Every structure is written in C-alpha cells, then in structure tokens.
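Understanding the architecture of this molecule
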Amino acid sequence: MKRHESLQELSREHYQALKLVLVVRRAVDSGDLLRIGEAAAACVAAFAAELEPHFQVEERDLLPQLEAAGEAALLQRTRDDHGELRRLAAVLPFADAASLQRFADCLNAHVRFEEREMFPAVERIRTAGEAVR
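Residues numbered from 1 in each chain as written. Predicted model: local features only at pLDDT ≥ 70, side-chain atom pairs only at ≥ 80, totals over all residues. Heavy atoms only, no water.

1. Overview of helix α2 (residues 33–68)
Structurally, the α-helix is built with 3.6 residues per turn, so residues lying three or four positions apart point the same way. The largest bend in α2 is about 50°, located at Phe 47. Two or three places before Leu 34, at the opening of α2, Asp 32 has a side-chain oxygen 2.8 Å from that residue's backbone nitrogen. (Bend = angle between axes of the 7 residues up to and from the residue. Helix = DSSP H or I, 4+ residues; strand = E, 2+ residues; numbered from the N terminus. Polar contact = N/O pair within 3.5 Å; in protein donor to acceptor, adjacent residues only side chain to side chain.)

Rendered as structure tokens:
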C-alpha cells in the first residue's frame, strides 16, 4: 500500500528501524558478547540520530491530528511506546543481551503498530481534511 505523501519519509525511517531490530536479534542470538556490545552501540547511535528525531516529528505533526480526531487509543499507545523506548534507550549503553532484546522487541512492535494502525488513521484524517477543502 502506498503511503500518503506526507508519511512516506517516516515510513522509510521505519524500514531502517526494522533493519536495526534484525541486527540486534542476530547479535543476541549469536551469544557473542562483542557482537552484542556492537549492536547496543549501534542502537545508542541510531536512537540519538534517527529514532528520537523521528519521535519528535510524530509528536509534533501527527499526534495533534489524532487528538483532534478523537483517536485517544492510538494517541495514548504512541505516547506510551515512545516513552518506553526512551526509557529502554537510556540504559542501552549498559545493556545486557536481555535488555537489548527488550529494546528490539519494543521497537519492532512499535513500528508494526504505526504502520498497521496509526499511519492508516492519520491517512484517513488527512484525506478527509483534503476532501473538505
């Protein structure tokens, strides 16, 4: 399904996040402490450079639209997920395999939620707004 033009860059960023999840899963599955440490470092860097800015765009541009449309459940889930991922990211520099896996699992679930539920809702809202104009 082709995303609304205004969501395409965010959707591409989701693809990058899923690639990071795969790196983490492979590192954790290997049991190699060096690979686990490298994956944790990659997550720290990605969170600062990509994920946190991505969250800020969503919070600034998308969440107010969801709120205005009465999409309280989607709004709350997004805020909760962002908060949990921020909390998990704060411990990534000290992460063991289990903590790193938890971060990857949460990131994967969050991306899937946004692609399957939140983005379609935003697209409906934006399409309805465009039809009114």
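2. Description of the pattern of salt bridges
Two side chains with opposite charge may pair up if their charged atoms get near one another. Considering all chains together, one arrives at eight salt bridges under this definition. The salt bridge partner of Asp 61 is Arg 60, with a shortest N-O separation of 2.8 Å. Using a relative accessible area of 55% as the deciding quantity, one classes Arg 60 as exposed. (Salt bridge = Lys/Arg side-chain N within 4 Å of Asp/Glu carboxyl O. Buried < 20%, exposed > 50% of the residue type's maximum accessible area, 1.4 Å probe, protein only.)

3. Brief notes about the nonpolar core
Formed by 25 residues in total, the largest nonpolar core has its most connected members in Val 24, Cys 43, Leu 51, Leu 92, Leu 100, Phe 103 and Leu 107. At the level of elements, α1 (8–30), α2, α3 (72–90) and α4 (97–132) are the ones that each hand at least two residues to this core. Of all the elements, α2 adds the most residues to this core, at eight residues. What Leu 92 contacts, discounting residues up to four positions off in sequence, is Ala 40, Cys 43, Val 44, Leu 100 and Phe 103. Within the second largest apolar cluster, twelve residues are counted, among which are Leu 66, Leu 75, Phe 113 and Ala 121. (Core = buried A, V, L, I, M, F, W, Y, C linked by side-chain atoms within 4.5 Å. Contact = heavy atoms within 4.5 Å.)

4. Section: the environment of Glu 52
Relative to the helices and strands, Glu 52 resides in helix α2. Sequence-wise, Glu 52 and Pro 93 are 41 residues apart; in three dimensions their C-alpha atoms are separated by 16 Å. Dropping the residues within four chain positions of it, Glu 52 is found in contact with Phe 47 and Arg 86. A polar contact of 2.9 Å, which involves the side chain of Glu 52, links it to the side chain of Gln 56.

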